[in-house]
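This is what each chain is made of:
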Amino acid sequence: IYLISYAQFKKETREKYRQIKQSGKSLIGVLSLPSTAEYLSGSKDRFFRELSQNALSEKIAYCVVHDNKQKPVLSFSPENFDRQVPDTTIRESLLASGFITQTVKTKAGVDLVEFAKPVFKDGKISFVVRLGLKMPQNNFFTQENFILPFQIVFFILLALVFGYYW
(Lines give C-alpha, C1' and ligand atoms only; values in the text may rest on other atoms or scores of the structure.)
Protein backbone atom coordinates (compact mmCIF):
# COMPACT_ATOMS: atom_id res chain seq x y z
CA ILE A 1 0.00 0.00 0.00
CA TYR A 2 2.89 2.31 0.81
CA LEU A 3 4.47 1.60 -2.58
CA ILE A 4 1.22 2.45 -4.36
CA SER A 5 0.98 5.72 -2.43
CA TYR A 6 4.60 6.56 -3.15
CA ALA A 7 4.23 5.78 -6.86
CA GLN A 8 1.14 7.97 -7.05
CA PHE A 9 3.00 10.77 -5.22
CA LYS A 10 5.93 10.57 -7.65
CA LYS A 11 3.58 10.59 -10.64
CA GLU A 12 1.81 13.67 -9.29
CA THR A 13 5.14 15.43 -8.69
CA ARG A 14 6.32 14.69 -12.24
CA GLU A 15 3.01 15.92 -13.66
CA LYS A 16 3.23 19.22 -11.74
CA TYR A 17 6.83 19.70 -12.88
CA ARG A 18 5.82 19.03 -16.49
CA GLN A 19 2.99 21.58 -16.18
CA ILE A 20 5.38 24.19 -14.77
CA LYS A 21 7.83 23.62 -17.63
CA GLN A 22 5.07 23.86 -20.23
CA SER A 23 3.65 27.03 -18.67
CA GLY A 24 7.12 28.56 -18.45
CA LYS A 25 7.86 27.78 -22.09
CA SER A 26 4.67 29.42 -23.27
CA LEU A 27 5.05 32.45 -20.99
CA ILE A 28 8.69 33.04 -21.94
CA GLY A 29 7.64 32.75 -25.58
CA VAL A 30 5.11 35.53 -25.11
CA LEU A 31 7.51 37.68 -23.08
CA SER A 32 10.27 37.35 -25.66
CA LEU A 33 8.22 38.49 -28.63
CA PRO A 34 9.64 41.53 -30.41
CA SER A 35 6.53 43.44 -29.32
CA THR A 36 7.87 43.25 -25.76
CA ALA A 37 10.27 46.01 -26.79
CA GLU A 38 7.24 48.32 -26.80
CA TYR A 39 6.71 47.56 -23.12
CA LEU A 40 10.34 48.38 -22.43
CA SER A 41 10.19 51.71 -24.20
CA GLY A 42 6.84 52.64 -22.67
CA SER A 43 5.47 52.57 -19.16
CA LYS A 44 7.00 49.81 -17.06
CA ASP A 45 3.90 49.83 -14.83
CA ARG A 46 1.92 48.38 -17.70
CA PHE A 47 4.40 45.53 -18.06
CA PHE A 48 4.31 44.74 -14.34
CA ARG A 49 0.52 44.88 -14.31
CA GLU A 50 0.30 42.44 -17.22
CA LEU A 51 2.79 40.11 -15.57
CA SER A 52 1.19 40.20 -12.13
CA GLN A 53 -2.26 39.53 -13.57
CA ASN A 54 -1.03 36.40 -15.30
CA ALA A 55 -2.63 33.13 -14.26
CA LEU A 56 0.75 31.94 -12.99
CA SER A 57 1.33 35.02 -10.83
CA GLU A 58 1.58 33.02 -7.59
CA LYS A 59 4.19 30.79 -9.20
CA ILE A 60 6.30 33.56 -10.73
CA ALA A 61 9.41 34.07 -8.63
CA TYR A 62 10.95 36.70 -10.90
CA CYS A 63 11.09 38.10 -14.40
CA VAL A 64 14.15 40.07 -15.44
CA VAL A 65 14.80 41.67 -18.82
CA HIS A 66 18.46 42.36 -19.66
CA ASP A 67 19.59 44.70 -22.44
CA ASN A 68 22.24 43.84 -25.02
CA LYS A 69 24.96 44.85 -22.52
CA GLN A 70 23.62 42.24 -20.05
CA LYS A 71 22.39 44.91 -17.64
CA PRO A 72 18.93 44.43 -16.10
CA VAL A 73 16.58 47.10 -17.44
CA LEU A 74 13.36 45.66 -16.04
CA SER A 75 12.89 43.52 -12.97
CA PHE A 76 9.78 42.00 -11.47
CA SER A 77 10.50 40.00 -8.33
CA PRO A 78 7.93 40.21 -5.54
CA GLU A 79 10.07 38.28 -3.05
CA ASN A 80 13.53 39.30 -4.41
CA PHE A 81 14.29 35.83 -5.73
CA ASP A 82 16.19 37.36 -8.65
CA ARG A 83 18.98 38.39 -6.28
CA GLN A 84 19.26 34.89 -4.80
CA VAL A 85 19.96 33.08 -8.08
CA PRO A 86 23.59 31.93 -8.39
CA ASP A 87 25.79 33.99 -10.72
CA THR A 88 26.69 30.95 -12.84
CA THR A 89 23.02 30.42 -13.68
CA ILE A 90 22.59 34.07 -14.65
CA ARG A 91 25.72 33.94 -16.79
CA GLU A 92 24.56 30.78 -18.58
CA SER A 93 21.18 32.38 -19.28
CA LEU A 94 22.67 35.58 -20.65
CA LEU A 95 25.23 33.84 -22.84
CA ALA A 96 22.83 31.29 -24.35
CA SER A 97 22.10 31.77 -28.03
CA GLY A 98 18.65 30.21 -27.76
CA PHE A 99 15.97 29.10 -25.36
CA ILE A 100 17.37 27.55 -22.18
CA THR A 101 15.75 25.90 -19.14
CA GLN A 102 17.61 25.40 -15.87
CA THR A 103 16.67 24.04 -12.46
CA VAL A 104 18.10 26.31 -9.77
CA LYS A 105 18.33 26.30 -6.00
CA THR A 106 18.46 29.83 -4.58
CA LYS A 107 20.72 30.89 -1.75
CA ALA A 108 17.66 30.61 0.54
CA GLY A 109 17.15 26.99 -0.56
CA VAL A 110 14.06 27.52 -2.75
CA ASP A 111 13.88 25.39 -5.90
CA LEU A 112 13.14 27.32 -9.09
CA VAL A 113 12.95 26.58 -12.79
CA GLU A 114 14.56 29.34 -14.84
CA PHE A 115 13.66 29.97 -18.45
CA ALA A 116 15.73 32.33 -20.56
CA LYS A 117 15.39 33.39 -24.15
CA PRO A 118 17.28 36.02 -26.13
CA VAL A 119 15.46 38.28 -28.57
CA PHE A 120 17.36 39.13 -31.72
CA LYS A 121 17.18 42.29 -33.79
CA ASP A 122 19.27 42.66 -36.94
CA GLY A 123 21.14 39.45 -36.12
CA LYS A 124 22.27 40.66 -32.70
CA ILE A 125 20.82 40.09 -29.25
CA SER A 126 18.51 42.98 -28.46
CA PHE A 127 17.51 41.80 -25.00
CA VAL A 128 17.28 38.62 -22.91
CA VAL A 129 14.22 37.65 -20.90
CA ARG A 130 14.78 35.54 -17.78
CA LEU A 131 11.78 34.03 -16.04
CA GLY A 132 11.91 32.07 -12.79
CA LEU A 133 9.00 29.93 -11.68
CA LYS A 134 8.70 28.31 -8.28
CA MET A 135 8.81 24.53 -8.24
CA PRO A 136 5.53 23.00 -7.13
CA GLN A 137 5.48 22.01 -3.49
CA ASN A 138 4.14 18.51 -3.16
CA ASN A 139 3.25 17.02 0.21
CA PHE A 140 3.09 13.25 0.58
CA PHE A 141 0.41 13.44 3.26
CA THR A 142 -2.48 14.77 1.21
CA GLN A 143 -5.95 13.44 0.61
CA GLU A 144 -5.20 12.64 -3.03
CA ASN A 145 -2.29 10.41 -2.06
CA PHE A 146 -4.35 8.39 0.42
CA ILE A 147 -7.60 7.83 -1.49
CA LEU A 148 -6.34 4.90 -3.58
CA PRO A 149 -4.57 3.03 -0.73
CA PHE A 150 -7.61 3.43 1.54
CA GLN A 151 -9.85 2.11 -1.22
CA ILE A 152 -7.60 -0.92 -1.59
CA VAL A 153 -7.62 -1.54 2.18
CA PHE A 154 -11.41 -1.14 2.25
CA PHE A 155 -11.89 -3.76 -0.48
CA ILE A 156 -9.44 -6.16 1.16
CA LEU A 157 -11.30 -5.85 4.48
CA LEU A 158 -14.63 -6.22 2.68
CA ALA A 159 -13.37 -9.39 0.97
CA LEU A 160 -12.16 -10.76 4.32
CA VAL A 161 -15.52 -10.08 5.98
CA PHE A 162 -17.47 -11.70 3.11
CA GLY A 163 -15.04 -14.62 3.02
CA TYR A 164 -15.38 -15.18 6.76
CA TYR A 165 -19.19 -15.15 6.82
CA TRP A 166 -19.71 -17.01 3.58
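Before going into details, it helps to say that this report is about the structure given with it.

## As for the pairing of strand E3 (residues 100-105)
Then step 1. When E3 meets strand E4 (residues 111-121), the two strands line up antiparallel, connected through six bridges. Looking across to E4, one finds that Ile100 is bridged to Ala116.
Then step 2. Connecting E3 to the next strand, E4, in antiparallel fashion are five residues, including Gly109 with a positive phi near 90 degrees.

## Some words on helix H4 (residues 87-95)
Then step 1. If you check which residues of H4 are buried, you get Thr89, Ile90, Ser93 and Leu94. In a view along the axis of H4, the buried residues occupy a sector of 130 degrees, so they form one face of it. In H4, the exposed positions that point more than 90 degrees away from the buried face belong to Asp87 and Leu95.
Then step 2. Against strand E1 (60-67), E3, E4 and strand E5 (124-134) lie the buried residues of H4.

## Regarding helix H1 (residues 2-31)
Then step 1. Compared with an ideal rise of 1.5 Å per residue, which puts 30 residues at 44 Å, H1 spans 43 Å between its outermost C-alpha atoms and is within 8% of the ideal.
Then step 2. Listed as buried for H1 are Ser5, Phe9, Glu12, Ile20, Gly24, Leu27, Ile28 and Leu31.

## A closer look at the pairing of E1
Then step 1. Of all the eight residues making up E1, seven are buried; the element is thus mostly covered by neighbouring parts of the structure.
Then step 2. Bridging between E1 and E5 involves seven bridges; their strand directions are antiparallel. Bridge pairing in E5 links Asp67 to Phe127.
Then step 3. As judged from the four bridges shared by E1 and strand E2 (residues 72-76), these two strands associate in the antiparallel manner. Paired with Cys63 across the strands is Phe76, a residue of E2.
Then step 4. The turn joining E1 and E2, which pair antiparallel and follow one another in sequence, is formed by four residues; a positive phi near 65 degrees is taken by Gln70.

## Quick notes on the sheet that holds E5
Then step 1. Spatially, E2-E1-E5-E4-E3 is the arrangement adopted by the five strands of the open sheet, whose pairing is antiparallel. Lying at the two open borders of the sheet, with one neighbouring strand each, are E2 and E3. Between one strand and the next, the sheet's axes are offset by a mean angle of 20 degrees, whatever the strand orientation.
Then step 2. Relative to E5, E4 is paired through ten bridges, and the arrangement is antiparallel. Paired with Glu114 across the bridge in E5 is Gly132.
Then step 3. Here H4 sits on the sheet in contact with E1, E3, E4 and E5, set at roughly 175 degrees to E3.

## A short note on the packing of aromatic side chains
Then step 1. Applying the stated criterion across every chain yields a total of three aromatic pairs.
Then step 2. Look at Phe99 and Phe115: their rings are 6.2 Å apart centre to centre, the planes differ by 25 degrees, and that puts the pair in the stacked class. Of this pair, Phe99 sits in the loop between H4 and E3 while Phe115 sits in strand E4, and the two are 16 residues apart along the sequence.
Then step 3. Look at Phe154 and Phe155: their rings are 5.4 Å apart centre to centre, the planes differ by 65 degrees, and that puts the pair in the edge-to-face class.
Then step 4. Looking at Phe154, the relative accessible area reads 49%, which means it is partly exposed.

The rules behind the values
- Residues numbered from 1 in each chain as written.
- Predicted model: local features only at pLDDT ≥ 70, side-chain atom pairs only at ≥ 80, totals over all residues.
- Heavy atoms only, no water.
- Pairing = 2+ DSSP bridges.
- Helix = DSSP H or I, 4+ residues; strand = E, 2+ residues; numbered from the N terminus.
- Buried < 20%, exposed > 50% of the residue type's maximum accessible area, 1.4 Å probe, protein only.
- Arc of directions from axis to C-beta.
- Contact = heavy atoms within 4.5 Å.
- Expected span 1.5 Å × (residues − 1).
- Axes fitted to C-alpha atoms, helices over the stretch in contact; angles between N-to-C directions.
- Phe/Tyr/Trp six-rings, centres within 6.5 Å; stacked < 30°, edge-to-face > 60°.

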